[in-house]
Amino acid sequence: MTDSQLKNLLRDMSLQEKIEQLVQLHGGFFGDVGMITGPAAEFKMSPNQPYRTGSLLGETGASHLKELQDRIVASQPHKIPAIFMADVIHGYKTAFPVPVAIGSGFDPELAEEIASAAAEECAAAGVHATFSPMVDVSKDCRWGRCMESPGEDPYLNSVMAAAQVRGFQGDDISKKGKVAACVKHFAGYGAPVAGRDYNVTEISEHTFFEEYLKPYEAAVNAGVKLVMTAFNTVDRKPCTTNKRLLRDILRDKMGFDGVVISDYNAIGETVNHGSSADSREAAKKALIAGCDIDMMSDCYIGNLKSLAESGELDEGLIDEAVYRVLKLKNELGLFENPYKDGSEEAEREIVFSKKHRELSRRAAAETAVLLKNNGVLPLDEKKKITVVGALADDRAIIGSWAIFADDSKTLTLKDALEKEYPGADISFFADDNASDEILEKVKNSDAVIICLGENQDRTGESMSVADISLPKSQLSLFSAVKSVNKNIISLIFGGRPLAIPEVANDSAAVLEVWLPGTLGTLGISDILFGKVNPSGRLSMSIPYCSGQLPISYIQFNTGRPKPETDCFIRYVSNYMDVPNRPLYSFGQGLGYSEIGYSPVRLSSEILTPGEKITASVDIENKGKMSAKETVQMYIRDVKGSVVRPLRELKGFRKVPIEPGEKKTVSFEIDCDMLRFYDADMNFTVEPGDFTVYVGKDSLTENGAGFRILEN
Ligand code: GLC
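Residues numbered from 1 in each chain as written. Predicted model: local features only at pLDDT ≥ 70, side-chain atom pairs only at ≥ 80, totals over all residues. Heavy atoms only, no water.

Draft legend 1. Quick look at helix α16 (residues 354-367). Over its 14 residues, α16 extends 20 Å from the first C-alpha to the last, a length consistent with the 20 Å expected when each residue adds 1.5 Å. Residues of α16 that are buried include every one of His356, Leu359, Ser360, Ala363, Ala364, Ala365, Glu366 and Thr367, and no others. (Helix = DSSP H or I, 4+ residues; strand = E, 2+ residues; numbered from the N terminus. Expected span 1.5 Å × (residues − 1). Buried < 20%, exposed > 50% of the residue type's maximum accessible area, 1.4 Å probe, protein only.)

Dropping the structure here:
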């Protein structure tokens, strides 16, 4: 349809019909038309009214959605098709590693490939848009949804946001195998006070713009078609009715011209927040703020008509929102083909294809993070190995948002090891209790693999914890195993970093495997037996304990910086009981090959505005295995008109390197990447001294100084 046809359609629509385009309902409303019960009754909807709404969430399946679309189009006065949206966060039927793991891959091409695979599968199942990527910067692993985020760093999350938008959308969302992406949750949802989901946030203006907004901006710049508003408040105003956030920042400053959709009932919940007296005020505030679609509340459907007819609300705001929704449907090609890609034949061919199964395995191997290894890894198939811990045979390891995944296809670690190493002497005790039989077996083994952490049921939305320690049952299992065998390989499952100081101290090896997805345990077994050289790097810091939270490598010197020691020093900024730094820091991770780094070389020590300098290092693979080394570049602005972080990630590159090979890795530095919000919130760069670090993680001291001269 042409734009003028769209505008003619809009003009011909009744007010009621326009308002219905701004409502999104879940599938429970679309049962037997004659039976309006449950939520539809709560929404005071007539039997056929759900079929007049503009979009649905959570329904999939080509034949099911074709039938649903036929009923919807038939019910629509202007035959307008619905958009089918779903939470395809890190895979549809084939679940890939959770996003915090994908972030640990430090590989935007892998992230794009995963999003593209997820798009192919869900598009074949008739889905038109996905509520992904979730890109919330999250530094607090008490918050269960850090699992869904690429991690703690604004730059890494920005790179991952753009990569996933490209993967889901391609260059044309009407094309086969592509869907509209929805970046979420706008904004600052990853910073709930006390790490408790849905809580308010208290984010300074500088931190909000320097850190939390960056990944959404990257998604907007990548062309994301939808933005979802977050449940939380910013500046004491719920995001969903926050006009400065949605119009001034998102639309005017970032230039977003797509559709804004609320999170589930978030408009209605502004009454709970206490900023709307009732659903009528909530509806008015949300539309004026710039929220186009009301997901699963009855605020818009129940109030917009009377608000417009009474003159309390400018109908032009409704038209503006409806136009954006119609434009999205047009970009998806739904007016010409209301089913888009949906076809049972395509589902059979694409869903869980060999390509996607291979990707699920490879992605887990690329994103697991080897945190410690005294040489016990990689394992030799001829060794006697015992595997303990309930998680060894737990299928709930594909992520709490893998809601459409075919769980019958999930391989547990036990399944994977038995499948891949049928001839090996591996005993399994998928139990957290250390019976005498188990300990006897462990004692007589060459090595023991202990599976610790959380399965998917303890992570995800609303799954906040105050204490990120391992369960006591796992700690007692670990202590019993340690008493009879020192060659302990600890696998840490979970969607969040967990406090594992004892385990890290007493294990021979520690591998963070996250929630690896449908066939991810095959990738984990590839690492354990040396078929793959681990290359993951932490996308989130792993703290010593909950008391360090929120924590990130982005730190400030303070007026009383602590000298380099773990001892407590009075009257400086430190704890009496734990170090300041996390147990493992952002960007950390080991491989089976030692990679050497040369000192940093700069093409110049003076950076002139409008020009570039280059920071280079030579790396060398001193090991016997092919490796992928994630070379990371951090920059410190030593003095600013406001305090500046000790270092910020400004570039990274995952570099394949063969045994004995040397490579030069270079990063360009220009003034634009050094911009920050100064004392008056101007986005600018200031003259002065800078230090650039290039190394293997956020702790690297491999640095060199450069300067921007006073002009
Ligand atoms: C949920 C989540 C959001 C999801 C939406 C639709 O409450 O906050 O991430 O996309 O509802 O399921």
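Draft legend 2. View of helix α13 (residues 299-309). Within the sequence span of α13, burial applies to Cys299, Tyr300, Ile301, Asn303, Leu304, Leu307 and Ala308. Along its buried surface, α13 packs onto α2 (15-20), β1 (23-26), α12 (279-289), β10 (294-295) and α14 (315-331). Positive backbone phi, approximately 85°, marks Gly311, located one or two places after α13. (Contact = heavy atoms within 4.5 Å.)

Draft legend 3. Summary view of the domain arrangement of the chain. Per the domain assignment, the segments making up the chain are domain 1 (3-86 + 178-340), domain 2 (358-548) and domain 3 (595-708). Taking only C-alpha atoms into account, the centre of domain 2 sits 34 Å from that of domain 3. Counting from both sides, the interface comprises 6 residues of domain 2 and, opposite them, 9 residues of domain 3. Taking both partners together, domain 2 and domain 3 bury about 600 Å²; carbon and sulfur atoms supply 40% of that area. Where domain 2 touches domain 3, the interface holds 3 salt bridges. Note that Arg537 and Glu629 form a salt bridge whose closest N and O atoms lie 3.1 Å from each other. Connecting domain 2 to domain 3 are 5 residue pairs in polar contact (both at pLDDT 80 or more). Across the side of domain 2 that touches domain 3, the residue classes tally to 1 nonpolar, 3 polar and 2 charged. (Domains from an automatic or database assignment. Buried area = accessible area lost by both parts, 1.4 Å probe. Salt bridge = Lys/Arg side-chain N within 4 Å of Asp/Glu carboxyl O. Polar contact = N/O pair within 3.5 Å; in protein donor to acceptor, adjacent residues only side chain to side chain. Nonpolar A, V, L, I, M, F, W, Y, C, P; charged D, E, K, R; others polar.)

Draft legend 4. Layout of the site of the ligand. If you check the shell around the ligand, you find 13 residues, and the closest are Asp87, Arg145, Lys184, His185 and Asp263. Asp87 is positioned such that a nitrogen or oxygen atom in its side chain is 2.5 Å from an oxygen atom of the ligand. The contact in question runs from an oxygen atom of the ligand to an N or O atom on the side chain of Lys184, over 2.9 Å. For the ligand, the accessible surface in isolation is 310 Å², of which the surrounding protein chains cover 93%. Classifying every residue of the shell around the ligand by side-chain character gives 7 nonpolar, 1 polar and 5 charged. (Near = heavy atom within 4 Å. Areas by Shrake-Rupley, 256 points an atom, 1.4 Å probe, with all protein chains shown as cover.)

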